[in-house]
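Now for the letters of each chain:
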Amino acid sequence: MAWRVAGVKGIRTASLSKALSTSWDAAVSRFYSNDAVGSKFSLLSSMSGLSDKSKNLGVGKYLPIQHLIRCFHASLELLARRSDEQFGLKTAKKEKYVKRESRTQPPVEAPYVAPKVKRNNKSLPERTIDIFDGMTIVELAKRTGESISALQDILVNVGETVDSEFDPLGIDIAELIAMEIGVNVKRLHSNVGAELLPRAPVVTVMGHVDHGKTSLLDALRQTSLAAKEAGGITQHIGAFVVRMPSGASITFLDTPGHAAFSAMRARGAAVTDIVVLVVAADDGVMPQTLEAMSHAKAANVPIVVAINKCDKPAANPERVKLQLASEGLLLEEMGGDVQVVQVSATQRIGLNDLEEALLLQSELMELKARIDGPAQAYVVEARIDKGRGPFATAIVKAGTLICGQHVVVGAEWGRIRAIRDMVGKLTEKARPAMPVEIEGLRGLPMAGDDVIVVESEERARMLSAGRKKKLEKDRLQKVGEERMEIANPSEEAPERVEMPIIVKADVQGTVQAVTDALRSLNSPQVFVNVVHVGVGPISQSDVDLAQACGACIVGFNVRSPPNSVTLAAARACIKIKIHRVIYHLLEDIGNLIVEKAPGTSETQVSGEAQVLNIFEIKGRSKSKGEDVKIAGCRVTDGHVTKSSTMRLLRSGEVVFEGRCVSLKQEKHDVETVGKGNECGLVICDCHDFRIGDVIQCLERITRKPKFISSDNGAVRIEC
Ligand SMILES: Nc1nc2c(ncn2[C@@H]2O[C@H](COP(=O)(O)OP(=O)(O)OP(=O)(O)O)[C@@H](O)[C@H]2O)c(=O)[nH]1
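Figured I'd write up the structure that's included with this text.

Basis of the calculations
- Residues numbered from 1 in each chain as written.
- Predicted model: local features only at pLDDT ≥ 70, side-chain atom pairs only at ≥ 80, totals over all residues.
- Heavy atoms only, no water.
- Helix = DSSP H or I, 4+ residues; strand = E, 2+ residues; numbered from the N terminus.
- Buried < 20%, exposed > 50% of the residue type's maximum accessible area, 1.4 Å probe, protein only.
- Areas by Shrake-Rupley, 256 points an atom, 1.4 Å probe, with all protein chains shown as cover.
- Pairing = 2+ DSSP bridges.
- Axes fitted to C-alpha atoms, helices over the stretch in contact; angles between N-to-C directions.
- Contact = heavy atoms within 4.5 Å.
- Near = heavy atom within 4 Å.
- Polar contact = N/O pair within 3.5 Å; in protein donor to acceptor, adjacent residues only side chain to side chain.
- Nonpolar A, V, L, I, M, F, W, Y, C, P; charged D, E, K, R; others polar.
- Expected span 1.5 Å × (residues − 1).
- Parallel < 35°, antiparallel > 145°, perpendicular 65-115°, else oblique.
- Left-handed = near helix turned anticlockwise from the far one by under 90°.
- Disulfide = S-S within 2.5 Å.
- Salt bridge = Lys/Arg side-chain N within 4 Å of Asp/Glu carboxyl O.

**Considerations on the overall build of the chain**
Okay, step 1: The helix and strand tally for the chain stands at 21 helices and 37 strands.
Okay, step 2: By the burial criterion, 49% of the 719 residues in the chain qualify as buried.
Okay, step 3: Just so you have it, the chain exposes about 34,200 Å², and 50% of that area is on carbon and sulfur atoms.

Okay, structure coming up:
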């Protein structure tokens, strides 16, 4: 039985329900290490309905300590109501929690009483509270809405004590308590009293496909520290630093594009200070230019525009400026504050202007950071190396990261074994705006994860376990919600197409971005079910999994799988799609979904004819030898087709519906008759035509969903 989850006491509901049916006494008494209380608990649990509630939690989840405490409180209240004398329970806990209001109330009928703790309504969206180092239990209680005593109980269970509720708590402890309650946290770091020094701006390059982001980064890289100080050693880190003649530096993130930016922003990582919006002078503003603008605006990150490819004869920077202005970008030369520089990445023109513009922007922003004290850093990307294990590229935002420190990175933890600078040189420390690689992590973090320095390995393990538990809870909740949606589709909704997908990509940040992008195709009609994600090449086990769940495998920025894997996939009829451009990938998968979708069929009136005359042929019905009635008609709209269903209308009312068995024009059998023409038609089993009746020709058409990519870069599947 699991009593201790990463240091936080709790109990698996599986174990609990087992305990409930076998030896609940033993379970509870072990939990409280108090046999006297424990033995009473079995009786109380059944009285309070606790057993049922506990079972309802579902097997396999952890029953939070708070739930047990609540149950315990409830039981104690019941106990008090029933009779003090009968049970003779006179413990400190009882005195603390027991309400002595209505002893006459029959305990068995008493409902499960919520604890004195005011709980958050779980159906409401989850709250996020600010936490900081040195906050007190009182402050935490105010932010979480929980009672001080409840928080104190949790504190005891995470292995901490405070003398009074006004004693300062460590930020990690505050986070652990918040996670136990199920509240999200935003860690605030105070700079009060710390010396703040100017730091280099961190810049991300974004723009439309082929507008020259990579070329611009390459051109800038040549002027970078790597080239100058390390004799042009190949960069192997997702960021680099350019040092200006003035001595000022700029840190560029080497993961151009929206994907990494969005993934980081989604985790609340304010890594980028400035966005360089690259627009090709010969191509102008395009869908992804607008998308990049939206990303920067949403993140409140200022933009510096680089009009690239100005060396090209077709370059028209003025047109680009007008386009940008008409999209709401307030350019400096038009009275706004967005700087524009004209560059050519390949001809290396205007690079100094760009660097100066970036420095000016960063001066305006007065970017400063605390140098001393524990580091705060964000992961830019992470990957696994055979020799080095999981490692993360991170940018330090404040403080100093030191080799040997215990860290929690997102939901992973580790002890920093090595810090490498952008040219792969080992270094002992990393200061603000410095891009570094960190080795020594136990697992693979994600782009945008925060790097937190903690005091001990035990604290690192606890925090990591708590975060993983929270992530898993959120994931299960999301999956549950998606499943519910499938189980209860709205009545009008057509059948939902499910597309199971396995995502493999080069780095964790990309995995996330691709997964998010694929999920953006979801709609009431389409469910992209990402069943597995991973970093690295597509392997045999991916194919096995794909076969087990009928999934298609998507590889992004990964090399083609080995022949044996490709063959195995082909044998199992598993589709493998490898792409390097997200929009191509989305289009490909969108088309796969479209192919797979059964489509919705509907009946359409393809034409109308008016009955002008009626002819009768005796005993000519092929099957029954009955008289046959022929309607002599003129097609008044559209066309009528043989072997379609015909609907007979009289004064607007449907009087008959049946299959057309004969369609003739002047004694000749025809397949279709168009508007304005006359024809004779026979409807199976219809003997009641009248002059003036209207015959509608009904055709069944099947509509397949369509993959739609709109001008602003958004994609969707329309059913
Ligand atoms: N003439 C000229 N060509 C350029 C310039 N910058 C980039 N190119 C060319 O434009 C093409 C696309 O450049 P990339 O740097 O790959 O563009 P990108 O925006 O990184 O492309 P994606 O990564 O696919 O989004 C390449 O053929 C470059 O050589 C420039 O300043 N002048």
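Now that the structure is up, let's keep going.
**What to know about the sheet that holds strand S24 (residues 497-505)**
Okay, step 1: Strand order in this open sheet of four strands is S25-S24-S26-S27, and the pairing throughout is parallel. Edge positions in the open sheet fall to strand S25 (526-535) and strand S27 (576-579), since each of these has one partner strand only. For this sheet the average axis-to-axis angle between neighbouring strands, irrespective of direction, equals 25 degrees.
Okay, step 2: Two strands pair when backbone bridges link them, and S24 and S25 are joined in this way by nine bridges, in the parallel orientation. In the sheet register, Val503 faces S25, and the bridge partner there is Val533.
Okay, step 3: Packing against the sheet, helix H18 (residues 508-519) makes contact with S24, S25 and strand S26 (552-556), and its axis sits at approximately 175 degrees to S25.

**Considerations on the sheet that holds strand S8 (residues 202-207)**
Okay, step 1: Pairing in this open sheet of six strands is mixed, and the strands run S9-S10-S8-S11-S12-S13 from one edge to the other. Of all strands in the sheet, those with a lone pairing partner are strand S9 (239-243) and strand S13 (340-342), marking the two edges. Between one strand axis and the next, the sheet turns through 30 degrees on average, direction left out of account.
Okay, step 2: Of the strands in this sheet, S8, S9, strand S10 (249-253), strand S11 (274-280), strand S12 (303-308) and S13 touch helix H16 (residues 351-365), which is tilted by about 150 degrees from S11.

**Section: helix H10 (residues 171-181)**
Okay, step 1: Counting buried residues along H10, eleven of its eleven residues qualify, which places the element largely inside the surrounding structure.
Okay, step 2: Taken residue by residue, H10 has Ile171, Asp172, Ile173, Ala174, Glu175, Leu176, Ile177, Ala178, Met179, Glu180 and Ile181 as its buried positions.
Okay, step 3: Downstream of H10 by one or two residues, Gly182 has phi in the positive range, about 95 degrees.

**Comments concerning the site of the ligand**
Okay, step 1: Neighbouring the ligand are 15 residues; Lys213, Thr214, Ser215, Asp311 and Ala345 lie closest to it.
Okay, step 2: The separation between an oxygen atom of the ligand and a polar main-chain atom of His211 is 3.2 Å.
Okay, step 3: Within the side chain of Asp311, a nitrogen or oxygen atom sits 2.7 Å from a nitrogen atom of the ligand.
Okay, step 4: For the ligand, whose free accessible area comes to 640 Å², the fraction covered by protein is 69%.
Okay, step 5: Take the shell around the ligand: its biggest share by element is three residues, from helix H11 (residues 213-222).
Okay, step 6: Each residue belonging to the shell around the ligand can be placed in one class, and the counts come to two nonpolar, eight polar and five charged.

**Quick notes on H18**
Okay, step 1: Between the first and last C-alpha of H18 there are 17 Å, a value that for twelve residues agrees with the 16 Å anticipated at 1.5 Å per step.
Okay, step 2: Where burial is concerned, most of H18 is hidden: nine out of the twelve residues are buried.
Okay, step 3: Those residues of H18 not exposed but buried are Gln508, Gly509, Thr510, Val511, Ala513, Val514, Thr515, Ala517 and Leu518.

**A few points about the side chain of Asn308**
Okay, step 1: By the secondary structure assignment, Asn308 is in strand S12.
Okay, step 2: When neighbours within four sequence positions are excluded, Asn308 is seen to be in contact with His211, Gly212, Val278, Val279, Ala280, Ala281, Val343, Ser344 and Ala345.

**Overview of the packing of H18 against helix H21 (residues 582-596)**
Okay, step 1: Orientation of H18 relative to H21, taken along the N-to-C sense of each, is 40 degrees, at an axis distance of 10 Å. By the angle between their directions, the pair H18 and H21 is classed as oblique. In this structure, H18 crosses over H21, and the sense of that crossing is right-handed. Across from Val514, Ala517 and Leu518 in H18, the residues of H21 making contact are Ile582, Leu585, Leu586 and Ile589.
Okay, step 2: In the contact of H18 with H21, the residues fall into seven nonpolar, no polar and no charged.

**Some details on the state of the cysteines**
Okay, step 1: For the structure on display, the rule yields zero disulfides.
Okay, step 2: Unpaired in this structure, Cys684 has its nearest cysteine sulfur neighbour in Cys686, at a distance of 9.7 Å.

**Topic: the environment of Ala314**
Okay, step 1: With respect to the helices and strands, the residue Ala314 is situated in the loop between S12 and helix H15 (317-326).
Okay, step 2: Separated by 31 residues in the primary sequence, Ala314 and Asp283 have C-alpha atoms spaced 8.6 Å apart.
Okay, step 3: When neighbours within four sequence positions are excluded, Ala314 is seen to be in contact with Ala281 and Asp282.

**A closer look at the pairing of strand S29 (residues 628-641)**
Okay, step 1: In this structure, strand S28 (residues 600-617) lies alongside S29, joined through ten bridges in antiparallel fashion. When the sheet's bridge partners are listed, Ala609 is paired in S29 with Val635.
Okay, step 2: Sheet topology note: the S29/strand S34 (residues 678-683) ladder contains four bridges and is antiparallel. Within S34, the position partnered with Arg634 by the bridge is Glu678.
Okay, step 3: Of the strand pairs in this sheet, S29 and strand S33 (residues 672-674) are connected by three bridges, and their pairing is antiparallel. Note on S33: the bridge partner recorded for His639 is Gly674.

**Here we look at the pattern of salt bridges**
Okay, step 1: Counted by the stated rule, this structure contains 25 salt bridges.
Okay, step 2: Two residues, Glu457 and Arg461, come together in a salt bridge whose shortest N-O distance is 2.8 Å. Taken together, the residues Glu457 and Arg461, both in helix H17 (residues 457-487) and four residues apart, mark about one turn of the helix.
Okay, step 3: Given a relative accessible area of 31%, Glu457 falls into the partly exposed group.
Okay, step 4: Asp688 is the salt-bridge partner of Arg650, the closest N and O atoms lying 3.2 Å from each other. Taken together, the residues span a long stretch of sequence, with Arg650 in strand S30 (residues 645-650) and Asp688 in the loop between S34 and strand S35 (694-703) at a distance of 38 residues.
Okay, step 5: We classify Arg650 as buried; its relative accessible area is 15%.

**Concerning unusual backbone geometry**
Okay, step 1: Positive phi outside glycine occurs at Ser651, with the angle close to 50 degrees.
Okay, step 2: The class for Ser651 is exposed, based on a relative accessible area of 74%.
Okay, step 3: You will see that Lys667, though not glycine, has its phi angle at about 70 degrees, which is positive.
Okay, step 4: By the secondary structure assignment, Lys667 is in the loop between strand S31 (653-665) and strand S32 (668-669).
Okay, step 5: For Lys667, a relative accessible area of 76% translates into the label exposed.

**Considering the packing of H11 against H16**
Okay, step 1: Between H11 and H16, whose axes approach to 11 Å, the crossing angle comes to 90 degrees. Between H11 and H16, the angle falls in the class roughly perpendicular. Mapping the contact onto sequence places Leu216, Ala219 and Leu220 in H11 and Leu351, Leu354 and Glu355 in H16.
Okay, step 2: Across the contact of H11 with H16, the residue classes break down as five nonpolar, no polar and one charged.

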